[in-house]
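These are the residues of each chain, in order.
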Amino acid sequence: EDPSLERHFKGHRDAITSVDFSLNKKQLASGSMDSCLMIWSMRPQMRAYRFVGHKDAVMCVQFSPSGHLVASGSRDKTVRLWVPSVKGESTVFKAHTATVRSVHFSSDGQSLVTASDDKTVKVWTVHRQKFLFSLSQHINWVRCARFSPDGRLIVSASDDKTVKLWDKTSRECIHSFCEHGGFVNHVDFHPSGTCIAAAGTDNTVKVWDVRMNRLLQHYQGNAVVNSLSFHPSGNYLVTASNDSTLKILDLLEGRLLYTLHGHQGPATCVAFSRAGDLFASGGSDEQVMVWKTNFDAADYGDVLKTQKSGTSVDGTHHTLQSEMDCGVHLKKTKTQDSGRNQEQQEEETSLANTLEHIMGQLDVLTQTVSILEQRLTLTEDKLKECLENQQKIIQNKTS
């Protein structure tokens, strides 16, 4: 079954720049040139929230891993952190001196990396909302920056036609990929953390291995590629292009699977949900669309399990034949052992529920830790004040 259009959100008054799903898929965030951030409810008949605060176009949005925060970057040079609720409160981060094009949370939700037209990539702590450091070797606008899944590396893409790989701890540039013939619009890490994909104005998508720094795959399109997103299984990549299409690439087979027409005018952004069953896209037509993936679950259910043992994107020991074989093969087995499938499904459901519960507990812990951190900071400041006052008193006495 082909991917199909599921929902259609209208409410923005200018081109969409960015889309992202919350962890539980209950909400979808979008940013737009209309200076607003919208949070759409995936449940029917639920109203959307419109967040106003940025003084200029919102270039990027992202939910924190827990879903309790949304980060946005804007042409007004600021980054904002929002609580996605009715009040729509936000705090402002200021350190960039030009348009902020990209925001991304580390997978533990503790850090934020931002990229800007001021040619820098900046890293911030989320809870103390403090600017930590800059990475500044790009010689033109930086369009996109992402943490690796383990948070140890950062990748950035720039109009200087390079993709740079950074070590977060040493803050050094480990490698520059210079193979793009145009500006690099978007870059992201494969879920395994072993490779990256970059999209450019030279109409290409390139996949590199970050351990050997070699080009693994190269997809040539016929229009500028604005955005891309990896499926959580790591086997598919979806792209959004200026020719108004979304394309789904099969990374194991190294070929184009689907071309989807939905937007009128350039497709500007695209993102898979965390479970991979949905993806969202936005365009200059002011529309946000949500699509059902409709890959057969078994196509990537198995692979998500084998992923743990390190399937690489070039498929060195992949478990899939081509899409077509797979479909036929699966249909046969389904009739033979539907009983076993049901047991398996039940097991998987209970596992998913347990995981969701654990994630919930982790969220609570993260929030608690952040509150404790803030209190500690306050205590430290108070202590410092006391000591300084004591010094003054002593000085006054001796003088």
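Residues numbered from 1 in each chain as written. Predicted model: local features only at pLDDT ≥ 70, side-chain atom pairs only at ≥ 80, totals over all residues. Heavy atoms only, no water.

## Details of the overall build of the protein
The condition that has to hold: Under the DSSP-based scheme used, a helix requires at least four consecutive residues in state H or I and a strand at least two consecutive residues in state E, with every element numbered from the N terminus. The buried label applies to any residue whose accessible area, calculated with a 1.4 Å probe on protein chains only, is under 20% of its type's maximum; exposed applies above 50%, and partly exposed to all values in between. Contacts are assigned to residue pairs with any non-hydrogen atoms lying within 4.5 Å of each other. A 1.4 Å probe and the Shrake-Rupley method give the accessible areas. Residues count as covered only by the protein chains that appear here.
Of regular secondary structure, the protein possesses three helices and 28 strands. Counting every position in the protein, which comprises 399 residues, the buried fraction comes to 51%. Across the protein, contacts joining residues at least 24 apart in sequence account for 46% of those joining residues at least 6 apart. When the accessible surface of the protein is summed, it comes to about 19,100 Å², and 52% of that surface belongs to carbon and sulfur atoms.

## Observations concerning the sheet that holds strand β23 (residues 236–241)
Note the following rule: A pair of strands is labelled paired if DSSP reports no fewer than 2 bridges between them. For every element, the axis is a line fit to its C-alpha atoms; helices are fit only across the contacting stretch, and the angle between N-to-C directions ranges from 0 to 180 degrees.
Taking strand neighbours across the sheet as the criterion, the four strands line up as β22-β23-β24-β25 in an open arrangement whose pairing is antiparallel. Each edge of the open sheet is held by one strand with a lone partner, namely β22 (225–230) and β25 (255–261). Neighbouring strand axes in the sheet, compared pairwise and without regard to direction, differ in orientation by 20° on average. Relative to β23, β22 runs antiparallel, the two sharing five bridges. Among the inter-strand pairings, Leu-228 is bridged to a residue of β23, identified as Thr-239.

## So, the side chain of Thr-293
Let me state the cut-off plainly: Pairing of N or O atoms within 3.5 Å defines a polar contact, subject to two protein rules: one partner must be a possible hydrogen donor and the other a possible acceptor, and residues neighboring in sequence count only if both atoms are side-chain atoms.
Tracing the backbone shows Thr-293 in the loop between β28 (287–292) and α1 (297–307). For Thr-293, a relative accessible area of 1% puts it in the buried group. Of note is the side chain of Thr-293, whose polar atom sits 2.8 Å from the backbone oxygen of Gly-276. In terms of polar contacts, Thr-293 uses its side chain to reach the backbone amide nitrogen of Leu-278, at 3.3 Å. In this view, Thr-293 contacts Asp-2, Pro-3, Phe-272, Gly-276, Asp-277, Leu-278 and Phe-279; residues no more than four positions away in its chain are not counted.

## Details of the sheet that holds strand β20 (residues 204–209)
The four strands are arranged β18-β19-β20-β21 in an open sheet whose pairing can be described as antiparallel. Both outer strands of the open sheet, β18 (184–189) and β21 (214–220), are each paired with one neighbouring strand and no more. Sheet twist, expressed as the mean angle between neighbouring strand axes with direction ignored, is 20°. As paired strands, β20 and β21 are joined by six bridges and run antiparallel to one another. In the sheet register, Val-207 faces β21, and the bridge partner there is Gln-217.

## Let's talk about the side chain of Ser-74
By secondary structure assignment, the location of Ser-74 is in strand β7 (residues 70–74). A polar atom in the side chain of Ser-74 sits 3.1 Å from the backbone oxygen of Asp-56. Excluding anything up to four places from it in sequence, Ser-74 contacts His-54, Asp-56, Ala-57, Val-58, Met-59, Thr-99 and Val-100.

## Re the nonpolar core
What counts is decided by this rule: Here, nonpolar core means buried Ala, Val, Leu, Ile, Met, Phe, Trp, Tyr and Cys residues that are tied together by side-chain atoms lying within 4.5 Å of each other.
Leu-246, Ile-248, Leu-260 and Phe-279 are the most contacted members of the largest nonpolar core, which has 15 residues in total. Those elements that place two or more of their residues in this core are β23, β24 (245–250), β25, β26 (267–272) and β28. When near neighbours in sequence (up to four residues on either side) are disregarded, Leu-246 contacts Thr-239, Ala-240, Tyr-258, Thr-259, Leu-260, Ala-267, Val-270, Phe-279, Ser-281 and Trp-291.

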